[in-house]
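Now for the letters of each chain:
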Amino acid sequence: MLGEWTQSYKYTQLTPAIAELSKVLLGDKTSVSDRFLAIRQWLNGWVFDERKQPINKPANLLESRLISAQAIYDSHMSSCGAMVTLGATILRASGVAVKLIDGAHPKSTNHAWMELYDTDKVGWAAYDVTGYGNPDTGQIDDAYTKHAECHDWSEIEPALQAKYQQWRAENT
């Protein structure tokens, strides 16, 4: 049942480079929450350290979500959707079951986060890699609104395209 949430898909395809990155980042971490915190810390340092590479912000919602984890890593893309895609791929490489979540919270009408299956707590828990969640744990609160959950953004691509078109019509 949980195996489907640990597999690679179109945008969360596991590559040798990301598999190696997962080993380096998560090798000694045993709990799901420790693995998540390691990913969040690494992603936020990697994304926001312009000394390493200029920050690559996506042009829009579609570019943020409809891009492979390897392309995100190679281009140093910074967005909630990109961070979730890359984080989920790294976590799945270590055996963690991950759902990608599309939704909203008070600071963003288009936001992405992830749900992880925590074997210690025996259930799904929602985490935000961007820093909007709880500063200590990354877990989210009821201010978040889930619109869709998926294995991979390709499953909800038509809905994401419609959401982007609606936003574009309202903002141009």
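Residues numbered from 1 in each chain as written. Predicted model: local features only at pLDDT ≥ 70, side-chain atom pairs only at ≥ 80, totals over all residues. Heavy atoms only, no water.

For the largest pocket, the calculated volume is near 470 Å³. Together, 22 residues line the largest pocket, and Ser64, Ser79, Cys80, Ser108 and Asn110 are the ones closest to its centre. Looking at the lining of the largest pocket, the elements that each hand over two or more residues are α3 (61-65), α5 (80-93), β2 (108-118) and α6 (157-171). By residue number, the principal contributor to the lining of the largest pocket is β2, which donates four residues. Per-class residue counts for the lining of the largest pocket are nine nonpolar, nine polar and four charged. (1 Å grid on protein atoms, 1.4 Å probe; cavity = no way out; pocket = protein on both sides within 12 Å on 5 of 7 lines; lining within 4 Å. Points joined across faces, edges and corners; volume = space filled by probe spheres on them. Helix = DSSP H or I, 4+ residues; strand = E, 2+ residues; numbered from the N terminus. Nonpolar A, V, L, I, M, F, W, Y, C, P; charged D, E, K, R; others polar.)

This paragraph deals with the pattern of salt bridges. Summed over all chains, the structure comprises six salt bridges. Residues Glu149 and Lys99 are paired through a salt bridge, measuring 3.4 Å at the closest nitrogen-oxygen approach. With Glu149 in strand β4 (residues 145-150) and Lys99 in strand β1 (residues 98-105), the pair connects residues that are 50 residues apart, well separated along the chain. In this structure, the salt-bridge partner of Asp102 is Lys163, at a minimum N-O distance of 2.7 Å. Of the two residues, Asp102 sits in strand β1 while Lys163 sits in helix α6, which places them 61 residues apart along the sequence. (Salt bridge = Lys/Arg side-chain N within 4 Å of Asp/Glu carboxyl O.)

An order of β3-β2-β1-β4 is seen for the four strands of this open sheet, with the pairing classed as antiparallel. Here the strands that pair on one side only, and so sit at the sheet edges, are β3 (123-127) and β4. Neighbour to neighbour, the strand axes of the sheet diverge by 30° on average, direction disregarded. Pairing geometry for β2 and β3, over five bridges, is antiparallel. Its bridge partner being in β3, Met114 is matched across the sheet by Tyr127. Lying over the sheet, α5 contacts β1, β2 and β4, oriented at roughly 10° with respect to β2. (Pairing = 2+ DSSP bridges. Axes fitted to C-alpha atoms, helices over the stretch in contact; angles between N-to-C directions. Contact = heavy atoms within 4.5 Å.)

Quick look at the environment of Asp34 now. By the secondary structure assignment, Asp34 is in helix α2 (residues 32-48). For the pair Asp34 and Val129, spaced 95 residues apart in sequence, the C-alpha separation works out to 13 Å.

This brings us to the packing of aromatic side chains. Taken as a whole and judged by the stated rule, the model has six aromatic pairs. On the basis of an interplanar angle of 80° and a centroid distance of 4.9 Å, the ring pair of Trp113 and Tyr144 is categorised as edge-to-face. Of the two residues, Trp113 sits in strand β2 while Tyr144 sits in the loop between β3 and β4, which places them 31 residues apart along the sequence. Like Tyr144, Trp113 is buried. On the numbers, 5.4 Å between centres and 75° between planes, the contact of Tyr117 with Trp124 is edge-to-face. Every member of this aromatic cluster is reached through a ring pair, and the members are Trp5, Tyr117 and Trp124. Across from the ring centre of Trp5, 5.2 Å away, lies the NZ or CZ of Lys99, which sits over that ring. (Phe/Tyr/Trp six-rings, centres within 6.5 Å; stacked < 30°, edge-to-face > 60°. Buried < 20%, exposed > 50% of the residue type's maximum accessible area, 1.4 Å probe, protein only. Lys NZ or Arg CZ within 6 Å of the ring centre and 35° of its normal.)

Keep in mind these values describe shape, not function.
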